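Residue-level structural notes
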Amino acid sequence: MQRNEAERSADVIVVGAGLAGLSAVRELEAAGLSCQVAEAQGRAGGRVRSSTGENGYPIEEGAQFLNQDMTGLVELVHEAGMELMVSSEGATAGLGASGVIGTDDWLGAMDEAWPDLVSYAGYQSGRPDRSVAELIQEITSDAKGAALMKSSLCELLCHELSDISAQGVLEIYARYDSQREDGECQVTGPLATVVARLVDGLLRVPHYHTAAMAVSRVAGPGGDAFDVATSHGAYRAGAVILAVPPVAAREIELPPPLADEVCAALESYIPGAMIKTTFVYRDAYWRQPADWHGGQPIREVVCIDPMGVTLTDTSRVGEDEARLTMFTGGGRAPDLAQLAQAERQSDAIDLLGQAFDDGKARQPIEMTDTVWVQHPWCGGGYNAHIRFGGMPDAAARLRGVEGRVLFACSEIAERFPSYMEGALDAGRSCAARLLRLLR
Ligand SMILES: Cc1cc2nc3c(=O)[nH]c(=O)nc-3n(C[C@H](O)[C@H](O)[C@H](O)COP(=O)(O)OP(=O)(O)OC[C@H]3O[C@@H](n4cnc5c(N)ncnc54)[C@H](O)[C@@H]3O)c2cc1C
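Values in this document were obtained by computation on a predicted structure and should not be read as measured data.

Here we look at the overall build of the protein chain
- Counting secondary structure elements, the protein chain contains 14 helices and 19 strands.
- Rg of the C-alpha trace for the protein chain: 22 Å, near the compact-globule value of 22 Å for 439 residues, within the 12% margin.
- Across its three principal axes, the protein chain shows a C-alpha extent of roughly 75 × 55 × 40 Å.
- The burial tally for the protein chain puts 57% of its 439 residues in the buried class.
- Residue pairs at least 24 apart in sequence account for 73% of intrachain contacts in the protein chain once pairs closer than 6 positions are excluded.
- About 18,200 Å² of surface is accessible on the protein chain, with carbon and sulfur atoms providing 49% of the total.
- Charge-centre separation for the protein chain: the mean point of 36 positive side chains lies 5 Å from the mean point of 61 negative side chains.

Have a look at this one:
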């Protein structure tokens, strides 16, 4: 589609219609600036993606959970006419060769190990970095605890632990601004409603299927301006916000001296890999498996073999069906992503059958799987992380860029990085910095 020059110019061009980009535009428009969003995909929301299950209930293919301290998101959920609902409660179990096992030891080991982990990595003392895998090996002597910890982190970080910087991870954890668990709540409706609410509030409709490829500085009558070369022609503005993940931002050619300033920080990130599979069943048969003597029902399972796979009870209050979601990260997701969907789903069912009642596992009412591996626009996985040998303070460097080409994405947020709340926070604070500069 050809767009005229007026449609391709604004005070600010925002690249990316994820939560970070949309929240930045909301702030800038409220301050009276004109904004145009250029989005590579055919929809807004980025890593927030909802679909509808056969029974009409929402299925979150991307982000799903939040907690009450994530106030920006909670406010938007309410604005969109929805409420929070508390996630189902229960114990965390491990899945080893002998079936489902208790994790009391592991949880204890993790609690004890974590403070050591923080001081050992010496993020603030400037000691040399280690990979997350090396760190776990050094601090944990308990084999089962170490295996469970590795598997859980492989899933959470969506990557092989030997490739990830321990300092980088600890720096991210230091920005998690809450004592509450991140999976405390879900939302009563689809999270896409929050995205739609943000999009509907914009003064100009985002331009979809419009991928930014390069930003260049041009001299204009009123001072310098910026051209953004896209798959649908050049856009011009007085300022640009790159509201895309770092691994997508480094594919965009930047003007000097910014390109040199941020190159090492952008290159420090590696994309993750995640496959999210949701199984819908008539009842939550997994809560009390036959070989489970933990008392409490099971809400979460961490698999030791294969590594990097966890299962979470994602059933929603008030619905006449039960759900279990399998999160496959680490090194396993890229391998599974090569398979046809039917093969991948059969592999997932086999794994469920190992953990719980095999007959019941094989009879889901419905199953969806979404592959977030090597995603061209969202970076793959929940979020990108700092590679071992990268700059542990890459986020602060990208956040601290001064000028009229700025970065905003969940990874670099000051609060709740790697969460939806972080994306909203990053967008808002980037807009505030730009407004201070332009006034
Ligand atoms: C499977 C999964 C589960 C998750 N679970 C949770 C959870 O339970 N709770 C939680 O809080 N968070 C969760 N997250 C993380 C959360 O979704 C993200 O941190 C957040 O949504 C990122 O928002 P963003 O705006 O920074 O980036 P994105 O959502 O990635 O948005 C970036 C946008 O930029 C666009 N783009 C990229 N490059 C270009 C370009 N060159 N030109 C134009 N457009 C471009 C992309 O298409 C995308 O729309 C999950 C993520 C995934 C994938």
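Considering the sheet that holds strand β13 (residues 273–281)
- The strand order β7-β6-β14-β15-β16-β13-β17 describes an open sheet built from seven strands, whose pairing is mixed. Lying at the two open borders of the sheet, with one neighbouring strand each, are β7 (99–102) and β17 (366–373). Going across the sheet, the axis of each strand differs from the next one's by a mean of 20°, ignoring polarity.
- When β13 meets strand β16 (residues 322–328), the two strands line up antiparallel, connected through seven bridges. Note that in β16 the partner of F279 across the bridge is L324.
- The sheet contacts of helix α11 (residues 341–355) involve β6 (91–96), β7, β13, β14 (298–303), β15 (309–313), β16 and β17, and relative to β17 the element is tilted by about 110°.

Comments concerning helix α14 (residues 420–438)
- With 19 residues, α14 extends 27 Å from end C-alpha to end C-alpha; this agrees with the ideal 27 Å at 1.5 Å per step.
- Residues of α14 that are buried: M420, E421, G422, A423, L424, D425, A426, G427, C430, A431, L434 and L435.
- Among the structural elements, β1 (9–15), α1 (19–30), α2 (71–79), α7 (192–200), β11 (233–242) and β19 (405–407) are those in contact with the buried residues of α14.

Structural notes on empty space enclosed by the protein
- Taken as a whole and assessed by the stated rule, the structure comprises three cavities of 30 Å³ or more.
- Each pocket or cavity is described by its volume, and for the largest cavity that value is around 70 Å³.
- Looking at the largest cavity, the residues that line it are I275, T277, V309, M326, T328, R332, L336, R344, D347, A348 and L351.
- Counting only elements with at least two residues in the lining of the largest cavity, the list comes to β13, β16, α10 (332–337) and α11.
- Here the lining of the largest cavity takes four residues from α11, the largest share from any one element.

Overview of the packing of aromatic side chains
- Taken as a whole and assessed by the stated rule, the structure comprises eight aromatic pairs.
- Plain terms: the ring middles of Y176 and F416 are 5.2 Å apart, the flat faces sit at 85° to each other, and that makes the pair edge-to-face. With Y176 in the loop between α6 (166–174) and β8 (185–187) and F416 in the loop between β19 and α14, the pair connects residues that are 240 residues apart, well separated along the chain.
- Given a relative accessible area of 0%, F416 falls into the buried group.
- An angle of 80° between the planes, with centres 4.9 Å apart, marks the rings of Y281 and Y285 as edge-to-face. Assigned by exposure class, Y281 and Y285 land together as buried.
- By the ring-pair criterion, three or more aromatic residues cluster together here, those being F279, Y281, Y285, W286 and F356.
- Across the ring face of W372, the terminal group of R49 is positioned such that the distance to the ring centre comes to 5.2 Å.

A closer look at the UniProt feature "binding site: FAD" (unreviewed entry) in the protein chain
- Within this structure's numbering, the places UniProt gives as "binding site: FAD" (unreviewed entry) are E39, A40 and E411.
- Tracing the backbone shows E39 in the loop between β2 (35–38) and β3 (50–52).
- If we skip the residues at most four places from it in the chain, E39 touches G16, A17, G18, H207, Y208, H209 and T210.
- Within the structure, the side chain of E39 is placed 2.7 Å from the backbone nitrogen of A17, a separation counted as a polar contact.
- Among the secondary structure elements, E411 is positioned in the loop between β19 and α14.
- What E411 contacts, discounting residues up to four positions off in sequence, is R47, R175, P245, P246, Y269, N383, A384, A395, P417 and S418.

Reading the values: rules and limits
Residues numbered from 1 in each chain as written. Predicted model: local features only at pLDDT ≥ 70, side-chain atom pairs only at ≥ 80, totals over all residues. Heavy atoms only, no water. Helix = DSSP H or I, 4+ residues; strand = E, 2+ residues; numbered from the N terminus. Rg over C-alpha atoms; globule rule 2.2 N^0.38 Å. Buried < 20%, exposed > 50% of the residue type's maximum accessible area, 1.4 Å probe, protein only. Contact = heavy atoms within 4.5 Å. Areas by Shrake-Rupley, 256 points an atom, 1.4 Å probe, with all protein chains shown as cover. Lys, Arg positive; Asp, Glu negative; His and termini not counted. Charge placed at Lys NZ, Arg CZ, Asp CG, Glu CD. Pairing = 2+ DSSP bridges. Axes fitted to C-alpha atoms, helices over the stretch in contact; angles between N-to-C directions. Expected span 1.5 Å × (residues − 1). 1 Å grid on protein atoms, 1.4 Å probe; cavity = no way out; pocket = protein on both sides within 12 Å on 5 of 7 lines; lining within 4 Å. Points joined across faces, edges and corners; volume = space filled by probe spheres on them. Phe/Tyr/Trp six-rings, centres within 6.5 Å; stacked < 30°, edge-to-face > 60°. Lys NZ or Arg CZ within 6 Å of the ring centre and 35° of its normal. UniProt positions renumbered as here; feature names shortened; annotations may be inferred. Polar contact = N/O pair within 3.5 Å; in protein donor to acceptor, adjacent residues only side chain to side chain.

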